[in-house]
Amino acid sequence: DNALDIMGKKGKKRSREEADVDDEPEAKKAAPAPGASSASAQADESEDLFFHLDEASQEQTEAQDAEEVEKMQVLVAAFTPDQQNRYELYRRSSLPRASVRRLMQSVAGVAIPPTAIIAMNGIAKVFVGEIIEEALDIRDALQETGALKPKHIREAVRRLRNKGPFQMCPPQKSLLQ
């Protein structure tokens, strides 16, 4: 889409095509000598093709993102007040970054960049969510009500370990035994 504007040298807005044509050096604008290789022409064509493919994929990604946001808004609008409350609590919840950083540094033995801490925090949040979902299923299967108990969580971790979606360290002997 050439609707994007690029600022010209004198502050005047120009279209992308005008900017590309005007900013090329004079040597490139000149016609190639007879018998000269067409490698530069092929390179220019491949750059143009790459630019158009990149632009098309970006537009497609933006369209998909907009569609996902719209679907999410429809879903959230259909929530009951109780579901909205739980969703808001889920969105606001996170593990303490300092604890995640300390744990990651103890395992890796090196300083961990903040972006890695944020990513691990998100992964850990999903992991805890999986354990809680499984624990709730276990509680319901036992026909119990009320809050989750440690036995529900231990059983959830055991089942998830046996399913194999994640690899945990082998269970260590308890210090109390």
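Residues numbered from 1 in each chain as written. Predicted model: local features only at pLDDT ≥ 70, side-chain atom pairs only at ≥ 80, totals over all residues. Heavy atoms only, no water.

Peer 1: Quick rundown of the packing of helix H6 (residues 114-141) against helix H7 (residues 150-163)? Include the residues and the values.
Peer 2: Between two packed helices, the angle of one axis relative to the other and the distance separating the axes together describe the packing. As a packed pair, H6 and H7 sit with axes 8 Å apart at the nearest point and diverge in direction by 115°. Classed by the angle they form, the pair H6 and H7 counts as roughly perpendicular. In terms of crossing hand, the pair formed by H6 and H7 is right-handed. Residues Glu130, Ile131, Glu134, Ala135, Ile138 and Arg139 of H6 form the contact with H7, whose own contacting residues are His152, Ile153, Glu155, Ala156, Val157, Arg159, Leu160 and Lys163. (Axes fitted to C-alpha atoms, helices over the stretch in contact; angles between N-to-C directions. Helix = DSSP H or I, 4+ residues; strand = E, 2+ residues; numbered from the N terminus. Parallel < 35°, antiparallel > 145°, perpendicular 65-115°, else oblique. Left-handed = near helix turned anticlockwise from the far one by under 90°. Contact = heavy atoms within 4.5 Å.)

Peer 1: Describe unusual backbone geometry, and please don't skip the residues or the numbers.
Peer 2: For Gln143, which is not a glycine, the phi torsion comes out positive at approximately 55°. Using a relative accessible area of 73% as the deciding quantity, one classes Gln143 as exposed. (Buried < 20%, exposed > 50% of the residue type's maximum accessible area, 1.4 Å probe, protein only.)

Peer 1: Tell me about helix H5 (residues 97-108), and please be specific about residues and values.
Peer 2: For the α-helix, the turn length of 3.6 residues means that residues three or four positions removed from each other point alike. A rise of 1.5 Å per residue sets the reference length of H5, with its 12 residues, at 16 Å; its end C-alpha atoms lie 16 Å apart and thus fit the reference within 8%. Positioned one or two residues after H5, Gly109 has a phi angle of 80°, which is positive. (Expected span 1.5 Å × (residues − 1).)

Peer 1: I'd like a rundown of the side chain of Glu134, residues and numbers included.
Peer 2: Position of Glu134 relative to the elements: it lies in helix H6. On the basis of relative accessibility, which here comes to 11%, the residue Glu134 falls in the buried class. Sequence-distant contacts of Glu134, that is, excluding residues within four places in its chain, are made with Ala156, Arg159, Leu160 and Lys163.

Peer 1: Can you lay out the nonpolar core for me, pointing to particular residues and giving the numbers?
Peer 2: Counting 6 residues, the largest nonpolar core is built from Ile131, Ala135, Ile138, Ala156, Val157 and Leu160. Those elements that place two or more of their residues in this core are H6 and H7. Non-local contacts of Ile131, meaning those with residues more than four positions away in its chain, are made with Ile153, Ala156, Val157 and Leu160. (Core = buried A, V, L, I, M, F, W, Y, C linked by side-chain atoms within 4.5 Å.)

Peer 1: Please provide a residue-by-residue account of the confidence of the model for the chain, values included.
Peer 2: Reading predicted coordinates in detail is not appropriate for stretches of low pLDDT. Put simply, the chain has an average pLDDT of 76, and 62% of its residues get 70 or more. Confidence, read as mean pLDDT per element, is least for strand E1 (residues 5-7) in the chain (41) and greatest for H5 (94). Every residue in residues 1-32 is under pLDDT 50, and counting partners more than four places away or in other chains gives 30 contacts. (pLDDT = per-residue confidence, 0-100.)

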